[in-house]
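Results of the structural survey
Here is how the chains run, residue by residue.
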Amino acid sequence: MEPGTVRIAVDLLGGDGAPAVVVDGALRAFGADPDLHLLLVGPPEAADELLGVLHPADRDRISVRPVRRGVAMGDDPRRVSRTETTVGAAVTAVVERSADAVVSAGATGATVTAAVLGFGRWPDVRRPALVATLPAVHGPVVLLDVGGSLEARPGTLARHAALGAAYTRVVHGIAEPRIGLLSVGTEAGKGDRARRAADPVLTLASLPAGAHYVGLVEGYDVAVGDRADVIVTDGFTGNVLLKGIEGAYAMAGGPPASGGAPRAAALLGVAGTVVVCHGAARDDDLASGIALAAHLHRRGATAAISGLLADQARTGHPTGPGSGAEGSGRADHGADQRTEETP
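Quick summary incoming for the structure in this document.

Some points on the side chain of Q312
- Within the secondary structure, Q312 is located in helix α10 (residues 301-315).
- The exposure class of Q312 is buried, given its relative accessible area of 8%.
- Apart from the residues lying within four places of it in its own chain, the contact partners of Q312 are R159, A162, S206, L207 and P208.

Okay, structure coming up:
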């Protein structure tokens with residue numbers, strides 16, 4: 001485990017089993033990491049359940065921000081702009097430097113919107129992406145987008161390819177990540193209109209140093225991992241695929257012990273550290289999400305990834321012709337998100 005104190009703001013009302021499952025997951029994460037501090041954002045009585053089982057000497061690593069209103073899956077994500085919602089208050093805590101990262105198992109649209117409003121987007125990123133790491137036969141495979149945006153425009157997919165490559169290099173230490181575009185075959189021209197349009201754009205796309213595009217890949221490449229380290233798709237397809245893989249893991253008795261937290265996804269493209277857990281997450285899933293957020297903060301992942309993208313912008317070329325560039329070169333604090341409900 002990496003050393004260093006880290007403070008995670010946990011949305012106590014996010015997820016199907018909240019707050020009980022979230023409290024149990026926070027307790028598991030807390031017990032596994034002696035340098036972890038938690039800011040519990042939610043009803044005080046829910047936080048008291050966790051505090052009540054801790055040794056008095058450990059309670060100074062827990063603080064509480066009382067908030068009684070969560071955001072349900074069917075609610076308008078724009079509600080999170082109000083700081084009295086748990087996910088909005090968790091993001092505000094990071095903005096105020098009371099915490100270092102946010103973890104929520106609540107509605108993805110609400111979490112993404114809160115992050116965009118609170119942190120702002122990175123330059124040239126219009127659609128932030130959720131990235132999940134999946135264990136594969138030949139090593140971890142990074143899959144994105146898994147629900148941050150449903151958009152499948154070539155420019156969005158190319159931008160997400162760069163995000164995924166930078167994430168893989170910083171978080172997994174793969175210096176020359178191979179990037180594939182998910183389709184129904186590996187031959188050029190396979191796939192629907194969006195995939196056929198995106199393939200040549202990705203071929204010409206500017207990527208972080210060392211990364212390279214290998215072409216079209218298929219669904220089984222996600223599980224095998226011998227052709228690509230990063231697999232890019234739209235948020236709708238990625239979300240469906242991720243949940244199908246989760247179901248397969250459940251039938252097999254759980255994901256391989258070799259790594260990956262498939263029910264926890266990092267949000268890329270905003271100027272803050274955010275981890276979104278599956279709405280149906282169990283306590284161990286929440287604990288994995290908190291551990292992932294701590295890992296990302298300790299590695300300085302947000303700054304490192306944005307730095308790689310800035311270097312790419314200075315030394316590379318605009319993402320392919322006719323791609324529809326995603327951003328205007330500045331951080332955008334507006335929120336125009338079309339998101340899945342759970343990652």
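From this point, things continue past the structure.
Description of the environment of H295
- Topologically, H295 is positioned in helix α9 (residues 283-298).
- Sequence separation between H295 and V6 is 289 residues; the distance between their C-alpha atoms is 9.0 Å.

A closer look at the pattern of salt bridges
- Scanning the model with the defined rule gives 13 salt bridges in all.
- Between D283 and R28 there is a salt bridge, with the nearest N and O atoms lying 3.7 Å from each other. Of this pair, D283 sits in helix α9 while R28 is found in helix α1 (residues 20-32), placing the two residues 255 residues apart along the sequence.
- Residue D283 is classed as partly exposed on the basis of its relative accessible area of 24%.
- Judged by its relative accessible area of 46%, R28 falls in the partly exposed class.
- We note a salt bridge from R282 to D285, for which the minimum N-O separation is 3.9 Å.
- Look at R282 and you get partly exposed, because its relative accessible area is 43%.
- A single salt-bridge network, built from bridges that share partners, covers D192, R195 and D234.

Digging into the nonpolar core
- Counting 66 residues, the largest nonpolar core has I8, L38, L40, Y167, I179, I290 and I305 as its most contacted members.
- Among the elements that make up this core, the one with the highest residue count is helix α5 (residues 154-172) (ten residues).
- Not counting residues up to four positions away in its chain, the partners in contact with I8 are L36, H37, L38, L39, A101, V103, I290, A293 and A294.

Notes on the packing of α1 against helix α2 (residues 44-52)
- Contact geometry of α1 with α2 gives a least axis separation of 10 Å together with a crossing angle of 35 degrees. For the element pair α1 and α2, the recorded crossing hand is right-handed. Here V23, A26 and L27 of α1 lie close against α2, whose contacting residues are A46, E49 and L50.

Quick notes on unusual backbone geometry
- The linkage connecting A18 with the following residue, P19, adopts the cis geometry, with an omega of 0 degrees.
- For the bond running from L144 to D145, omega is 5 degrees, close enough to zero to count as cis.
- Along the chain, the position of D145 falls in the loop between β6 (141-144) and α5.
- One non-glycine residue, R97, lies in positive phi territory at about 65 degrees.
- Positionally, R97 belongs in the loop between α3 (86-95) and β4 (101-104).

Here we look at the packing of α5 against α10
- Where α5 meets α10, the axes come as close as 9 Å, and the angle between the chain directions of the two elements is 130 degrees. Here α5 lies oblique to α10, going by the angle between them. As for the relative orientation of α5 and α10, their crossing is right-handed in sense. Residues R159, A162, L163, A166, Y167, R169, V170 and V171 of α5 lie in contact with α10, whose contacting residues are A301, A304, I305, L308, L309 and Q312.

About the criteria used
- Residues numbered from 1 in each chain as written.
- Predicted model: local features only at pLDDT ≥ 70, side-chain atom pairs only at ≥ 80, totals over all residues.
- Heavy atoms only, no water.
- Helix = DSSP H or I, 4+ residues; strand = E, 2+ residues; numbered from the N terminus.
- Buried < 20%, exposed > 50% of the residue type's maximum accessible area, 1.4 Å probe, protein only.
- Contact = heavy atoms within 4.5 Å.
- Salt bridge = Lys/Arg side-chain N within 4 Å of Asp/Glu carboxyl O.
- Core = buried A, V, L, I, M, F, W, Y, C linked by side-chain atoms within 4.5 Å.
- Axes fitted to C-alpha atoms, helices over the stretch in contact; angles between N-to-C directions.
- Left-handed = near helix turned anticlockwise from the far one by under 90°.
- Parallel < 35°, antiparallel > 145°, perpendicular 65-115°, else oblique.

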